[in-house]
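In case you want the letters, here they are:
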Amino acid sequence: MRAWLANARQALELAADRADLWPAGTLAWLAFLGWLPLVVTFAPPSSDGVERFGLSLYVSSAFPWNLVALAAAFVLAFAVLCLLAAACEVALGRQASGDAGPGIERASLRAFAIVLLCSLPVVAAAGLALGGAVTVAPGEYLSGDIGTPILLRILARVAPQLALLLVAMALMQTLAALALRARARDALRALGAGARELLRHPVRSVATGLSVLVADGVVLVLQVALLRVLWAPIATALGDGRLASPDTVLLLLGFVAIWLGLLLAAGALHVAASTWWALELGAAVTPDATGKRLRPPLATQPPVS
């Protein structure tokens, strides 16, 4: 336990010292969850909005092909985000270890396969939760309980599915982190090596994965809360038709600047998480950005040939 906490502390210190890795960490965070605060800020979910959207799909003359096209767009966007996240992880590992050798394309495809395969159980669990919500939603709409918001009632009804989703996210994120750092030439062998490492050290591995997941969740909630507060006066000004006014322009510039700062801070935290995994797996000493051999690397990347 003491060594585990020491690794976490050292990971934070190393991430603070390696600002050159923050851009790669920022891109990885943006592909992972960094896009979600903007979506929630600009288009906050509501039960009425979801109902109108679903009804518009159903009554459209293009039904069910509009639903098929929407599903295909979601799958394509999900695959692109997985590929971007995988490529950023490879770039982060190589930059941290000072490895500028060839083979980054193959390494990125290997990491993409790992991320995609580890995402499938999470997608399946999310599908179960969504299916449960769709099943109980009509009854909650017709319920006489007006004291509790309908979204909270639906979430309470699908609590087991949501718990399964959280367990799948924690386990698959842990497995992906281990597999990405496994010394294997293809994704399946890397996943096997990651699974064996998880079985050898289940408590520390799952604890690290849960800690990273909780930290990501806290950062996500803080970003959503802050961006929504900052966006409220801008939305009011835009609704009043004051887009070109100086105060609205200043508010927009401030919003963008703060959002970029939040992204960079989340990227630094992502670097710390990558560092922590590397230290847990016993990374060797490698050069830092200046070529000076002072501290352990922030990530390890297996050679791909």
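Look up: the structure comes first, before these words.
How each quantity is defined
- Residues numbered from 1 in each chain as written.
- Predicted model: local features only at pLDDT ≥ 70, side-chain atom pairs only at ≥ 80, totals over all residues.
- Heavy atoms only, no water.
- Helix = DSSP H or I, 4+ residues; strand = E, 2+ residues; numbered from the N terminus.
- Buried < 20%, exposed > 50% of the residue type's maximum accessible area, 1.4 Å probe, protein only.
- Contact = heavy atoms within 4.5 Å.
- Core = buried A, V, L, I, M, F, W, Y, C linked by side-chain atoms within 4.5 Å.
- Phe/Tyr/Trp six-rings, centres within 6.5 Å; stacked < 30°, edge-to-face > 60°.
- Expected span 1.5 Å × (residues − 1).
- Bend = angle between axes of the 7 residues up to and from the residue.
- Axes fitted to C-alpha atoms, helices over the stretch in contact; angles between N-to-C directions.
- Parallel < 35°, antiparallel > 145°, perpendicular 65-115°, else oblique.
- Nonpolar A, V, L, I, M, F, W, Y, C, P; charged D, E, K, R; others polar.
- Lys, Arg positive; Asp, Glu negative; His and termini not counted.
- Salt bridge = Lys/Arg side-chain N within 4 Å of Asp/Glu carboxyl O.

Below, the discussion takes up the overall build of the protein chain. Within the protein chain, the secondary structure is distributed over 11 helices and zero strands. In the protein chain, the order of α-helices and β-strands from amino to carboxyl end is α-α-α-α-α-α-α-α-α-α-α. Burial statistics for the protein chain: of 305 residues in total, 38% are counted as buried. Long-range contacts, defined here as pairs at least 24 residues apart, represent 75% of the contacts in the protein chain between residues at least 6 apart.

Glancing now at the nonpolar core. Across soluble globular proteins, you tend to see nonpolar side chains buried next to one another. Ile114, Cys118, Ala190 and Leu191 are the most contacted members of the largest nonpolar core, which has 23 residues in total. Setting aside residues no more than four positions away along its own chain, Ala190 makes contact with Arg110, Ile114, Ala179, Ala182 and Ala184. Leu33, Val219, Leu220 and Phe255 belong to the second largest nonpolar core, which has 13 residues in total.

For the rest of this paragraph, the subject is the packing of aromatic side chains. Enumeration over the complete set of coordinates arrives at five aromatic pairs. Taking 4.7 Å as the distance between ring centres and 65° as the angle between the ring planes, the aromatic pair formed by Phe42 and Trp231 counts as edge-to-face. Pair noted here: Phe42 is in helix 3 (residues 36-42) and Trp231 is in helix 10 (residues 202-239), with a separation of 189 residues, a long-range link. The class of Trp231 is buried, set by a relative accessible area of 18%.

Along the polypeptide, Ala111 turns up in helix 6 (residues 104-141). Spatially, the C-alpha atom of Ala111 lies 9.5 Å from that of Arg181, the residues being 70 residues apart in sequence. Apart from residues no more than four positions distant in its own chain, Ala111 is found in contact with Ala86, Val90 and Leu180.

Look at helix 10: 53 Å from first C-alpha to last across 38 residues, which is about the 56 Å you get at 1.5 Å a residue. Taking the largest bend as the criterion, helix 10 deviates by roughly 30°, centred on Trp231, and proline Pro233 comes between one and four positions later. One or two residues past the end of helix 10 sits Gly241, with phi positive at roughly 80°.

A word on the packing of helix 2 (residues 22-34) against helix 10. Where helix 2 meets helix 10, the axes come as close as 12 Å, and the angle between the chain directions of the two elements is 80°. Here helix 2 is positioned roughly perpendicular relative to helix 10, judged by the angle of their axes. Across the interface between the two elements, Trp29, Phe32 and Leu33 of helix 2 pack against Asp216, Val219, Leu220 and Gln223 of helix 10. Residues belonging to the contact of helix 2 with helix 10 are distributed by class as follows: five nonpolar, one polar and one charged.

This part covers helix 8 (residues 159-180). For helix 8, built from 22 residues, the straight-helix expectation of 32 Å at 1.5 Å per residue is met to within 8% by its first-to-last C-alpha distance of 31 Å. Regarding helix 8, the residues found buried are Leu165, Ala168, Ala170, Met172, Gln173, Thr174, Leu175, Ala176, Ala177, Leu178, Ala179 and Leu180.

Let us look at the side chain of Arg181. Tracing the backbone shows Arg181 in the loop between helix 8 and helix 9 (187-200). Among buried Asp, Glu, Lys and Arg side chains, Arg181 stands out as unpaired, with Glu89 the closest opposite charge at 4.3 Å.

Considering all chains together, one arrives at six salt bridges under this definition. The closest approach of N and O atoms between Arg189 and Asp186, which form a salt bridge, is 2.3 Å. Judged by its relative accessible area of 25%, Asp186 falls in the partly exposed class. Across the pair Arg242 and Asp240 runs a salt bridge whose closest N-O atoms are separated by 3.8 Å. Arg242 gets classed as partly exposed once you look at its relative accessible area, which sits at 33%. Residue classification places Asp240 among the exposed residues on the basis of a relative accessible area of 53%.

Contact pair helix 9 / helix 10: the axes reach a minimum separation of 5 Å and the direction vectors enclose 110°. For the element pair helix 9 / helix 10, the angle class is roughly perpendicular. In this structure, helix 9 uses Glu197, Leu198, Leu199 and Arg200 to contact helix 10, whose residues at the interface are Pro202, Ser205 and Val206. Partitioning the contact of helix 9 with helix 10 into residue classes produces four nonpolar, one polar and two charged.

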